[in-house]
Amino acid sequence: MGIFTRGDSSPAGGTDVLDRELEELLNQDQVEDGDHERFSHYVPKDKILESAMTGKPVRALCGKKWTPSRDPEKFPVCPDCKRVYERMRKD
């Protein structure tokens, strides 16, 4: 829970656009305050690992940017991340 990965079996169409949009969001510098402490967010696994090693903030599927520091298993899944993830799976 809290981590999104896209397997090689995903169709190449719709998720490529979302991947590019997510990458653009990740490159933005603003770290946000807010409800990230209340939810477990979906973030690509490689970005979680990079953040753990460098301390660099990550961007969740919902757009929230923060530096992960808590166990995502202890929180409910962010409803916005879940909606984005489910749309990506349908494509």
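Per an unreviewed UniProt entry, the chain goes by the name DUF3039 domain-containing protein and belongs to Leucobacter iarius.

Caption draft 1: Molecular detail of the confidence of the model for the chain. On average, residues of the chain score 77 in pLDDT, and 65% of them are at 70 or above. Mean pLDDT across the elements of the chain bottoms out in strand E1 (residues 3-4) (52) and peaks in strand E3 (residues 58-59) (94). Confidence drops under pLDDT 50 across residues 5-12; counting only partners more than four residues distant or on other chains, this segment forms six contacts.

Caption draft 2: Seen up close, the state of the cysteines. Taken as a whole and assessed by the stated rule, the structure comprises zero disulfides. The thiol sulfur of Cys 62 is not disulfide-bonded, and the nearest other cysteine sulfur, from Cys 81, lies at 3.6 Å. Of all cysteine sulfurs in the structure, the one in Cys 62 sits closest to Cys 78, which takes part in no disulfide; the separation is 3.9 Å. Exposure remark for Cys 78: the relative accessible area of 4% places this residue in the buried category.

Caption draft 3: The arrangement of the pattern of salt bridges in detail. This structure, assessed with the given rule, holds three salt bridges. With a shortest N-O distance of 3.4 Å, Glu 50 and Lys 56 are connected by a salt bridge. Here Arg 83 makes a salt bridge to Asp 80, at a shortest N to O gap of 2.2 Å. Taken as a pair, Arg 83 and Asp 80 lie in helix H3 (residues 79-90) at a separation of three residues, close to a single helical turn. Of the residues examined, Arg 83 reaches a relative accessible area of 48% and is grouped as partly exposed. Given the relative accessible area of 38%, Asp 80 is considered partly exposed.

Caption draft 4: Local environment of the side chain of Ser 51. Positionally, Ser 51 belongs in helix H2 (residues 45-54). Not counting chain neighbours up to four residues away, the residues in contact with Ser 51 comprise Lys 56, Val 58, Thr 67 and Pro 68.

Caption draft 5: Layout of the packing of aromatic side chains. Inspection of every chain in the model, using the stated rule, returns one aromatic pair. Judged by centre distance (5.1 Å) and plane angle (70°), the ring pair of Tyr 42 and Tyr 85 falls under edge-to-face. Residue Tyr 42 is located in the loop between helix H1 (13-27) and strand E2 (43-44), and its partner Tyr 85 is located in helix H3; the two are separated by 43 residues in the primary sequence. With relative accessibility at 12%, the residue Tyr 42 sits in the buried group.

Reading guide: rules and limits
- Residues numbered from 1 in each chain as written.
- Predicted model: local features only at pLDDT ≥ 70, side-chain atom pairs only at ≥ 80, totals over all residues.
- Heavy atoms only, no water.
- pLDDT = per-residue confidence, 0-100.
- Helix = DSSP H or I, 4+ residues; strand = E, 2+ residues; numbered from the N terminus.
- Contact = heavy atoms within 4.5 Å.
- Disulfide = S-S within 2.5 Å.
- Buried < 20%, exposed > 50% of the residue type's maximum accessible area, 1.4 Å probe, protein only.
- Salt bridge = Lys/Arg side-chain N within 4 Å of Asp/Glu carboxyl O.
- Phe/Tyr/Trp six-rings, centres within 6.5 Å; stacked < 30°, edge-to-face > 60°.

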